[in-house]
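Spelled out from the first residue to the last, the chains are:
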Amino acid sequence: MSAEKPVLSCDVAVVGAGTAGLAAERSARKNGAKTLLIDPEFIGTLCANYGCMPSKLVIAAAKARHEVARAGLFGIDAGEVRVDGPAVMNRVREERDRFARLTRESIEDIPKGIRIRAKARFSGSNTLALDDGRTVEAKAIVIATGSAPAMPTPFDKLGACALTNRTIFELEDLPKSMAVVGSGPIGLELAQAFARLGTKVTLFDQSQRMGKVRCPKVHAALCAVIEADVDVHLGVEVDASPCEVGARVAWSGNGSGEIEVEKVLVAVGRPPVLDGLDLEKAGLECDEHGVPLHDRETMRCGGSSVFLAGDVAADVPLLHEASHDGAIAGRNASALPATISTERYVNFAITFTEPPLVSIGSAEEDGAVTGNASFDDQGRARVEGRNEGELTLYAAAPDGRLIGADLIAPAGEHLGHILAWAIQQGQTATQLLEMPFYHPTIEEGLKSALRTICASTPIELPADQDTGTPSGG
Ligand SMILES: Cc1cc2nc3c(=O)[nH]c(=O)nc-3n(C[C@H](O)[C@H](O)[C@H](O)COP(=O)(O)OP(=O)(O)OC[C@H]3O[C@@H](n4cnc5c(N)ncnc54)[C@H](O)[C@@H]3O)c2cc1C
Ligand SMILES: NC(=O)c1ccc[n+]([C@@H]2O[C@H](COP(=O)([O-])OP(=O)(O)OC[C@H]3O[C@@H](n4cnc5c(N)ncnc54)[C@H](O)[C@@H]3O)[C@@H](O)[C@H]2O)c1
């Protein structure tokens, strides 16, 4: 007779030990809950292994190559630039492995008995069945199972030639040629970076708009930036089949053609990981994509004792939101039924192209006004030879309160933070213009957009501020 597998019980069970799950478990434990954290691998997070960090490491290498290649602009002859592909990819993996190891070490610091190495699925509204046969009974459950790359037909027939964010960082060498399908953040970042490292890159999207950019001026500037290194085809359907080189890629729609490439990066989105969770057993109401309906301010699914956190919630699949989701879900799961609503951050996304592409808040609101600035001839940008880019600010009339921004600009990630913080705090264009602007800086580029907003609303330009422009600013 086989021994019965034990039943584990806790206040809060967290399914998935990525950024969101780790934050949820930490938050629930801090709030006094007895927790269990369940994951089949505990390899560290998506961010460290296959996401934010390795992608930024490739981008850092591309930036180094680009800076050397354009040194001639400043009268510096750097000689012939040679990229050692295996060395580039080795550094990516070595640094990536270090980030992942540090993440795993921090997971090992979680007190004993909390980590359960298993795959979980629901067997009831408050119970989980683990794949090792054990059962978990919990007063509340947080689902933090993340997202996974989509691999639609015909790319699923390409075998190892089709790459995703799971496999591209394992390449031993830079491919000679690569098609990138999808111009979302993954496609844009990696298309530009691999192209700047010497890969011949062709980028495709079925949409006419790259990166879901809202402002046509910013989109035009993004196209100019990407097209400088990459062959771009928007508004096309892409077909692909294996060939001797790797893949034959054909496209039609807004133009047509055919190429042969060594690799195809499939970056067409990352749906939430919900398969195999047996959500129906939890009795949750789901949307048309199968994602449980939930309140973003509490992360609770209806009136149930189940919470979502991170990419699986399919709200804003970004790292800072995954960790905020986790903190909110963990605290509320430990406090059931007394859930507390949390005001969420203004939407804020940075795509790390060079220059970076940033989207903040909303573009439209009743009576929204816009202010633009171009970086084509902005003083400091020109000094640095980085004079390209556009900025559009959105503000609510009549008070000029900033509500959003789209920009692609040098130092865009820093401009983006200034704007996101101002928008989060409900500041107006006038209030920002009342702040000191150092000279000569990229930040001075904000001034003309802010002034346009003041001019198109009944609000005043600050009375005690100069309205002129410093040399080139
Ligand atoms: C290439 C790339 C670059 C990115 N760059 C950025 C960036 O620069 N900035 C940014 O803000 N965001 C970036 N992101 C997004 C960011 O990485 C994610 O939003 C974030 O990592 C999601 O965290 P998560 O906790 O939801 O998921 P994950 O970290 O994937 O965690 C999910 C966990 O759930 C576990 N799991 C799954 N199913 C089960 C189950 N049944 N039982 C138990 N456990 C299970 C998995 O093993 C995994 O450990 C990037 C993403 C990618 C792919
Ligand atoms: N810097 C960052 O913050 C960063 C970087 C990388 C990834 N991410 C996160 O990862 C998520 C996933 O990124 P992603 O770029 O894979 O997805 P995405 O959903 O943002 O973009 C997918 C793109 O693929 C296109 N597409 C879909 N199907 C297609 C097809 N069959 N043929 C051609 N084009 C097709 C879509 O029109 C879209 O432009 C993002 O939503 C983002 O949250 C963030």
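Residues numbered from 1 in each chain as written. Chains lettered and ligands numbered in written order. Predicted model: local features only at pLDDT ≥ 70, side-chain atom pairs only at ≥ 80, totals over all residues. Heavy atoms only, no water.

A. Focus on the UniProt feature "domain: Pyridine nucleotide-disulphide oxidoreductase dimerisation" (unreviewed entry) in the protein chain. UniProt records the feature "domain: Pyridine nucleotide-disulphide oxidoreductase dimerisation" (unreviewed entry) at residues 350-449, using the numbering of this structure. Taken end to end, residues 350-449 is 27% helix and 29% strand, and its two terminal C-alpha atoms sit 20 Å from one another. (UniProt positions renumbered as here; feature names shortened; annotations may be inferred. Helix = DSSP H or I, 4+ residues; strand = E, 2+ residues; numbered from the N terminus.)

B. Focus on the site of ligand 1. By nearness alone, 33 residues border ligand 1, and Ala20, Asp39, Lys56, Asp311 and Leu319 come closest of all. Contact distances for ligand 1 include 3.2 Å between an oxygen atom and a backbone N or O atom of proline 317. Relative to its free-state accessible area of 1,000 Å², ligand 1 is covered by the protein chains to the extent of 89%. Elements supplying a minimum of two residues to the shell around ligand 1: helix H1 (19-30), strand S2 (35-39), helix H2 (46-50), helix H3 (52-69) and helix H7 (319-335). Classifying every residue of the shell around ligand 1 by side-chain character gives 19 nonpolar, 9 polar and 5 charged. (Near = heavy atom within 4 Å. Polar contact = N/O pair within 3.5 Å; in protein donor to acceptor, adjacent residues only side chain to side chain. Areas by Shrake-Rupley, 256 points an atom, 1.4 Å probe, with all protein chains shown as cover. Nonpolar A, V, L, I, M, F, W, Y, C, P; charged D, E, K, R; others polar.)

C. Here's a closer look at the site of ligand 2. If you check the shell around ligand 2, you find 21 residues, and the closest are Glu189, Asp205, Gly269, Pro317 and Ile350. Within the side chain of glutamate 189, an N or O atom sits 2.7 Å from a nitrogen atom of ligand 2. Here an oxygen atom of ligand 2 and a side-chain polar atom of lysine 212 are 3.4 Å apart. Taking 850 Å² as the accessible area of ligand 2 by itself, protein coverage stands at 79%.

D. Representation of the UniProt feature "binding site: NAD(+)" (unreviewed entry) in the protein chain in the model. Here the UniProt feature "binding site: NAD(+)" (unreviewed entry) sits at Gly182, Ser183, Gly184, Pro185, Ile186, Gly187, Leu188, Glu189 and Gly269. A maximum C-alpha distance of 13.9 Å is found for the annotated residues, which run over 88 residues; spatially they form one tight group. Relative to the helices and strands, proline 185 resides in helix H5 (residues 185-196). In contact with leucine 188, not counting residues within four places along its chain, are Ser183, Leu203, Met210, Gly211, Leu222, Ile226, Thr351, Thr353 and Leu357. (Contact = heavy atoms within 4.5 Å.)

E. Representation of the sheet that holds strand S13 (residues 257-261). One open sheet accounts for 3 strands, arranged S11-S12-S13; its pairing is antiparallel. A single partner strand is all that each edge strand has here, and the edge strands are strand S11 (236-242) and S13. Taken pair by pair, the neighbouring strands of this sheet meet at an average axis angle of 20 degrees, ignoring direction. (Pairing = 2+ DSSP bridges. Axes fitted to C-alpha atoms, helices over the stretch in contact; angles between N-to-C directions.)

F. The arrangement of the packing of aromatic side chains in detail. Throughout the structure, instances matching the rule amount to 1 aromatic pair. Between phenylalanine 204 and tryptophan 251, the aromatic rings sit 5.0 Å apart at their centres with planes inclined by 50 degrees, giving tilted as the arrangement. Taken together, the positions of phenylalanine 204 in strand S9 (residues 200-205) and tryptophan 251 in strand S12 (residues 247-253) put the pair 47 residues apart, joining distant regions of the chain. Directly above the ring of phenylalanine 99 sits arginine 98, whose terminal nitrogen or CZ lies 5.6 Å from the centroid. Between arginine 166 and the ring centre of tyrosine 50, over which it is positioned, the NZ or CZ distance is 3.9 Å. (Phe/Tyr/Trp six-rings, centres within 6.5 Å; stacked < 30°, edge-to-face > 60°. Lys NZ or Arg CZ within 6 Å of the ring centre and 35° of its normal.)

G. Geometry of the sheet that holds strand S20 (residues 401-408). Strand order in the open sheet formed by 5 strands is S16-S17-S20-S19-S18, and the pairing between neighbours is antiparallel. Two strands bound the open sheet, and with one partner strand each, they are strand S16 (348-351) and strand S18 (368-374). Going from strand to strand, the sheet's axes swing by 15 degrees on average, the running direction of each strand aside. Relative to strand S19 (residues 390-396), S18 is paired through 7 bridges, and the arrangement is antiparallel. Note that in S19 the partner of asparagine 372 across the bridge is threonine 392. Helix-sheet contacts for helix H11 (residues 446-455) involve S18, S19 and S20, and the interaxial angle to S18 is about 155 degrees.

H. How the structure looks around the domain arrangement of the protein chain. Segmenting the protein chain into domains produces domain 1 (7-40 + 118-148 + 271-335), domain 2 (155-266) and domain 3 (348-465). The centre of domain 2, based on its C-alpha atoms, is set 31 Å off from the matching centre of domain 3. Taken together, the contacts link 14 residues of domain 2 with 22 residues of domain 3. Both faces combined, the contact of domain 2 with domain 3 buries some 1,300 Å², and carbon together with sulfur accounts for 63% of it. Scanning the region where domain 2 abuts domain 3 turns up 1 salt bridge. Across the pair aspartate 406 and arginine 214 runs a salt bridge whose closest N-O atoms are separated by 3.1 Å. If you list the elements that add at least two residues to the side of domain 2 that touches domain 3, you get H5 and helix H6 (216-227). Among the elements that make up the side of domain 2 that touches domain 3, the one with the highest residue count is H6 (6 residues). Partitioning the side of domain 2 that touches domain 3 into residue classes produces 9 nonpolar, 1 polar and 4 charged. (Domains from an automatic or database assignment. Buried area = accessible area lost by both parts, 1.4 Å probe. Salt bridge = Lys/Arg side-chain N within 4 Å of Asp/Glu carboxyl O.)

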